[in-house]
Amino acid sequence: MSLAINSKNKKRVSIVLWPVNYSTQATNCAMDLEHGITALREWLHQREVKRRGGGVNSSRVAANSPAPWAWVMRFVMEMMEEYPSGVTETVLLAELERKWEDARIRIGSGDKIGGSIEAWMPEKQIPRTAVFDVTVQSVREISNTGFYLFIFADSDSADDPRRSVVEMYVHERFDFLIQQRYPTFFRQRRVRVTDVRFDQDFMTRSAVNSTNLSADGRRRPAVRMLATPHMVFVLDAAKDAEWLDAEAGDLVAGFEMRGNDADFGILVKLCGTEENGVDRATKYVRIWVADMRDRHKSISTLVLWDDQMRLNELWKKGDVLAIKQPLVSRNQAGALDIQIGSTTAVLCIPSKPAEEKIVGTAADPGTGSSQYSVPRDDEGVLDLATFPERMYVADLKPNMTNVSLLGFVTFIASNDRPDELVRFGIRLADATGSCDVTLWDAVGSRAVQNIEVGQLVFMYYLSTSALKERGTFYTMGSTELGTKIYNVSTNRGLLSSLLFAWPQPLSKSLPAEFPAQMYVRGVVSGWFAASQDNTVTVIAHAGCKRLLEIVPEDIETWYYCPFCLTAVDVDTEYLLTIGLVVDDGTGSVVTHRMNPVAGRNLIGMMPESFHNMDITQKVTRLNELIGKEFLFSLSLGSSDETDDYVRVDALVPYSGIIRSEFRWTVAELCAELDEATAVIRQRNP
């Protein structure tokens, strides 16, 4: 809830009152982040209810929020990475609402995707990104021209005689469906379609009004839409088995024998998004798919370019695609790429999972637990993509996918077999327990570059294995699973936005126990060389950001990375080893480590350039920091070689903080009021 008061300078001040346990706020800035996510979900739910004309029950608004906690968390992290200087709440909320409008139709339960055909009315503006779920009522030819029209109705009202119907020209890539040997293929066939546009010429010529009814009571087509290639026909695995065997029975690798002929058709299952990117100003998305005709379920990549990326809104992970006349080739790495050509048609078998009740664990034992229904697929895997609340380590079970966790890193295991595979281990801890997460390939390599022990991280889309012997199971992340790792501690956008980061006095933040993180506003009152050899720069392995060991030889010395277990030649960089004394008036703290990016932001230059300066220039540069005020993200690190230490994970000049509102907790407001009351009583005894 919020209040508005008038200060002495007559400015309107917004005070947001958060229901937090203030005693635990000091050393756990994860709570600040959680309260910010809760506020965003509450606001989003209020907007949703307002659009529907209903009321809001504030006591249950967060629990009934339509947006899953993990989805909002990922949105915030990506938004803050894009805007490291922070954003105001106004910008954040506007972007959140826009993103949720695009995403909610894909996150909803079941296989229903899309809006109502009622939106296809001439007086309404249809966003080209809007997705619709419609049913083919019939297909007819336009006066022996060789061109065809679909007659569509809403899938939910296909049997209603007074339903709204519209016409749409058939795109040429779907002509083979009309001309093939399955005359009943289009009978009540569901279609998912996007990028719909009106045929304005037809609208001008036509005198048919949408309110006119035919003699049998059926509504006449009032509008006609232009042909679009961005549609997929929905198949049923059982009812359409004959069609699938005849039209999509080839192996993906079979293109090398058959070529991309007209009868070539494949069946693949969507496993996850590999990456979004830009190649020579052309946008693309790469999606991992498994060949359903291959007994080994070999993995290849479906690549969508530019406008083709709209198709990615018409299916979701776990769906099976029947692709007719795909363009298949081998990329530079020798892997198979599947692309959509001008004659390629895509059909979709939606995943139809069963549901299972999952009990969510609350971090605060006093708040209790709740049950939520989550889908379980044919292979017994629970899909947590739609799980509404935050997942905790205690919630993990075997055979889960799309699991998202927020917690502190308490241990990082190096790759013990660098010549055979790329694999790293991270131990993640939250208020309910800890678990070991195995990160494979590129996901693991990127994680160890950007994560250190003691930092708060958000892991998006992990998976758990089946139950192993002794009742154990493994938690893992990989590119194929769509895993993303976000470092909360080093995110400057969060640090710059007071909705998520509210600095606490050092007198309340320290002493703290590992692991812990705090946001502190303070002044640099001193600095020192924090390395063992009393230097302010050290050489490190660029691949993992860990210090290198120097191995002397008779001819020349070389470097060895004990973390990656490999010799290092040119893949090196310099890191700053500067300790700071930070004072905020209530206390002080001495830091001994510094995140590489934070170090660059502190001195305003690359460490390599700083290393090449002479000692006088270095000292002068560092002395200029004394007296400057920053907002710091500090965490407690730990290692076997040293005692617990304080690390600077991120910093921003305090003048650059987004201060769009003052935010107080209930306890802070009460304390301020008590202090003001005491002063008044002293002056007026």
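Just above sits the structure.
## Here's the deal with the nonpolar core
In this structure, Phe-458, Val-488 and Phe-500 are the most contacted members of the largest nonpolar core, which totals 40 residues. Mapped by element, the contributors of at least two residues to this core are helix H2 (30-51), helix H3 (69-82), helix H4 (89-107), strand S19 (400-413), strand S22 (456-464), helix H10 (492-495) and strand S35 (645-653). Considering every element that reaches this core, the biggest residue donor is H3, with 10 residues. Not counting residues within four places of it along the chain, the set of residues in contact with Phe-458 comprises Trp-69, Ala-70, Met-73, Arg-74, Met-77, Ser-404, Leu-405, Leu-406, Lys-484, Ile-485, Tyr-486 and Val-488.

## Quick look at the pattern of salt bridges
Using the criterion set out here, one finds 19 salt bridges in the structure. A salt bridge links Asp-245 to Arg-293, with the nearest nitrogen and oxygen atoms 3.8 Å apart. Of the two residues, Asp-245 sits in helix H7 (residues 241-247) while Arg-293 sits in the loop between strand S10 (282-291) and strand S11 (299-305), which places them 48 residues apart along the sequence. Assessed through its relative accessible area of 54%, Asp-245 is described here as exposed. In this structure, Asp-319 and Lys-316 form a salt bridge, with 3.9 Å as the shortest nitrogen-oxygen distance. Just as Asp-319 is buried, Lys-316 falls in that class too.

## Quick word on the packing of aromatic side chains
Counted by the stated rule, this structure contains 18 aromatic pairs. A ring pair is formed by Trp-69 and Phe-458, whose centres lie 6.2 Å apart and whose planes are at 75°; its orientation type is edge-to-face. Here Trp-69, found in helix H3, pairs with Phe-458, found in strand S22; they are 389 residues apart in sequence, far enough to count as distant. Across the pair, exposure class does not vary: Trp-69 and Phe-458 are buried alike. What links up through ring pairs into an aromatic cluster is the set Phe-150, Phe-152, Phe-174, Phe-185, Phe-186, Phe-233 and Trp-243. The side chain of Arg-546 reaches across the aromatic face of Phe-563, ending 4.4 Å from its centre. Positioned above the aromatic ring of Tyr-645 is the side chain of Arg-593, whose terminal nitrogen or guanidinium carbon lies 4.1 Å from the ring centre.

## Details of helix H12 (residues 596-603)
Every buried residue of H12 is listed here: Pro-596, Ala-598, Gly-599, Leu-602 and Ile-603. Taken end-on, H12 shows its buried residues confined to a sector of 160°, consistent with a single buried face. In the stretch just after H12, Gly-604 is the one whose phi turns positive, near 70°.

## Remarks on the state of the cysteines
Going through the model one piece at a time under the given rule, you end up with zero disulfides. For the unlinked cysteine Cys-561, the closest cysteine sulfur is that of Cys-544, found at 3.5 Å.

## A short note on the sheet that holds strand S27 (residues 549-551)
Strand pairing in a sheet takes place through backbone hydrogen bonds and is either antiparallel or parallel in direction. What the three strands build is an open sheet, ordered S27-S28-S29; its pairing is antiparallel. Looking at which strands have only one partner, the edges of the open sheet turn out to be S27 and strand S29 (566-568). Adjacent strand axes in the sheet meet at a mean angle of 40°, parallel and antiparallel pairs treated alike. Sheet topology places S27 next to strand S28 (residues 558-561); three bridges connect them, and they run antiparallel.

How each quantity is defined
- Residues numbered from 1 in each chain as written.
- Predicted model: local features only at pLDDT ≥ 70, side-chain atom pairs only at ≥ 80, totals over all residues.
- Heavy atoms only, no water.
- Core = buried A, V, L, I, M, F, W, Y, C linked by side-chain atoms within 4.5 Å.
- Buried < 20%, exposed > 50% of the residue type's maximum accessible area, 1.4 Å probe, protein only.
- Helix = DSSP H or I, 4+ residues; strand = E, 2+ residues; numbered from the N terminus.
- Contact = heavy atoms within 4.5 Å.
- Salt bridge = Lys/Arg side-chain N within 4 Å of Asp/Glu carboxyl O.
- Phe/Tyr/Trp six-rings, centres within 6.5 Å; stacked < 30°, edge-to-face > 60°.
- Lys NZ or Arg CZ within 6 Å of the ring centre and 35° of its normal.
- Arc of directions from axis to C-beta.
- Disulfide = S-S within 2.5 Å.
- Pairing = 2+ DSSP bridges.
- Axes fitted to C-alpha atoms, helices over the stretch in contact; angles between N-to-C directions.

Read these as layout, nothing more, since geometry by itself doesn't imply function.
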